[in-house]
Structures are given as C-alpha cells and as structure tokens.
Amino acid sequence: MAEEDGLDIGAEEGKSGGKKKLIIIILLVLVLVGGGAAAYFLFFSGSSDGSGDSAESAEAALANEPSTYLALDPAFTVDFMVDGKQRYVQLNMSVKSKKIEQINAVTLHMPLIRNSLVLLFSSQSFVDLQTADGKEALKKVSLDAINGILEQETGQGGIDAVLFTNFVMQ
C-alpha cells in the first residue's frame with residue numbers, strides 16, 4: 001500500500017507538472033500573439049503625433065472617398081454672332097468633388113458661380129469651341145473660375161473637375 005500511495009503521489013505530481021507546462025505554453029503563446037499585434041499596430045497604423053504622416057493618411061483617406069456630383073441646372077445658353085449669323089451654344093455641366101462641404105458651398109454660391117460662368121462662356125470664340133482642344137480649355141477655365149469663387153468665399157477650392165454632360169452648338 002505504501003508503494004501504491006507513492007505511485008499515486010508521483011502520478012499526481014506528474015499530472016500537475018503537465019498542467020503547469022500547459023499553462024506556461026498557453027501564456028507564452030498569448031504573450032507572443034499580443035506582442036505581434038502590438039508590433040503590427042506600431043509599424044503599420046502610423047503615428048498620431050501630428051507629423052507629415054497624418055497629412056498623408058488624410059489625403060489617402062480622401063482619395064478613398066467617393067466623389068459627389070452636382071449638376072448646375074438649368075443648362076447654360078449663350079449666343080454668338082459669327083459672320084453675321086446668330087449662333088448658340090447650350091451646355092449642361094456638373095461639378096465633381098470628394099469634399100461634400102465644397103459641393104454644399106457651390107450650392108450656396110450658385111448665383112455668383114452661374115453669373116461668372118455665363119460671362120466666361122460668352123467671352124469665348126465660337127470657332128474655338130468647335131474643337132476638342134477648345135472644349136477642354138473651356139473646362140479648365142471653368143474649373144479655375146469656380147475654384148476661384150470658392151476660395152474667395154470660403155477660403156478653399158475643392159472642386160476636382162468640371163464635366164460637360166451636354167454640349168450643343170448651333
């Protein structure tokens with residue numbers, strides 16, 4: 001019986017030693033996983049100390065934002081005198097921006113923007129507008145005009161593109 005008691009005691013000590021090893025292994029795995037996660041967040045999530053990384057991450061976040069479009073309705077109609085004949089240009093445009101605040105600013109300042117665009121369109125050459133280069137140049141100066149008004153009124157531009165959704169010359 002003494003031997004049986006000795007064997008039982010040794011067997012129990014072996015089992016408790018196995019449990020201790022298992023607990024130590026589990027703790028080591030948890031520490032390694034936690035350390036790996038901490039290293040990942042440290043190296044890949046960027047710092048929040050206000051350095052250039054935050055500006056780059058803000059631009060990257062903005063690049064991932066969907067664009068918002070606003071149609072400038074009603075259509076613009078401009079008349080021209082070409083070789084003694086009355087000519088017309090009718091165009092529908094939309095503006096595109098990733099900043100919804102700037103789309104709201106365009107809506108707010110729509111009368112000023114439309115006035116500026118009508119004056120801009122009527123100062124163009126009918127012959128130049130018949131070419132693809134003339135239309136692209138008109139898009140560029142329209143974008144500059146809209147962003148100029150927004151910078152004057154809100155302190156920042158923010159319109160990414162001007163899109164002609166309909167362009168009719170007669």
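Residues numbered from 1 in each chain as written. Predicted model: local features only at pLDDT ≥ 70, side-chain atom pairs only at ≥ 80, totals over all residues. Heavy atoms only, no water.

Caption draft 1: Broad picture of unusual backbone geometry. Between Asp 73 and Pro 74 the backbone carries a cis peptide bond, its omega angle lying at 0°. Within the secondary structure layout, Pro 74 lies in strand E1 (residues 68-82). The backbone of Asp 83 shows a phi angle near 55°, a positive value even though the residue is not glycine. Mapped onto the secondary structure, Asp 83 falls in the loop between E1 and strand E2 (85-97). (Helix = DSSP H or I, 4+ residues; strand = E, 2+ residues; numbered from the N terminus.)

Caption draft 2: Molecular detail of the pattern of salt bridges. This model, assessed by the stated rule, comprises two salt bridges. The salt bridge involving Lys 139 is made with Glu 136; its shortest N-O contact spans 3.9 Å. Within this pair, Lys 139 and its partner Glu 136 are both found in helix H6 (residues 132-154), separated by three residues, close to a single helical turn. You can call Lys 139 partly exposed: its relative accessible area is 22%. Judged by relative accessible area, which is 47%, Glu 136 ranks as partly exposed. The salt bridge partner of Lys 140 is Asp 144, with a shortest N-O separation of 3.2 Å. Remark: Asp 144 and Lys 140 occur in helix H6; sequence separation between them is four residues, near one turn of the helix. Given a relative accessible area of 55%, Lys 140 falls into the exposed group. (Salt bridge = Lys/Arg side-chain N within 4 Å of Asp/Glu carboxyl O. Buried < 20%, exposed > 50% of the residue type's maximum accessible area, 1.4 Å probe, protein only.)

Caption draft 3: Highlighting helix H3 (residues 100-108). Residues of H3 that are buried: Gln 102, Ile 103, Ala 105 and Val 106. Down the axis of H3, the buried set is contained in an arc of 155°. They therefore lie on one face. Seen from the buried face of H3, the exposed residues on the opposite side, beyond 90 degrees, are Glu 101 and Leu 108. (Arc of directions from axis to C-beta.)

Caption draft 4: Molecular detail of the nonpolar core. Counting residues in hydrophobic clusters, the biggest one holds 28 residues, and the most contacted among them are Leu 72, Met 93, Val 95, Val 106, Leu 117, Phe 121 and Ile 146. Within the residue set of this core, elements represented by two or more residues are E1, E2, H3, helix H4 (110-122), helix H5 (126-129), H6 and strand E3 (161-169). Top element by residues in this core is E1. It accounts for six residues. When residues no more than four places from it in sequence are discounted, the contact partners of Val 95 are Thr 68, Tyr 69, Leu 70, Leu 72, Ile 103, Val 106, Ile 146, Ile 159, Ala 161 and Val 162. (Core = buried A, V, L, I, M, F, W, Y, C linked by side-chain atoms within 4.5 Å. Contact = heavy atoms within 4.5 Å.)

Caption draft 5: Focus on the environment of Tyr 69. Within the secondary structure layout, Tyr 69 lies in strand E1. In sequence terms Tyr 69 and Ile 100 are 31 residues apart; their C-alpha atoms lie 9.2 Å from each other. Other than its neighbours up to four places away in sequence, Tyr 69 contacts Val 95, Lys 96 and Leu 163.

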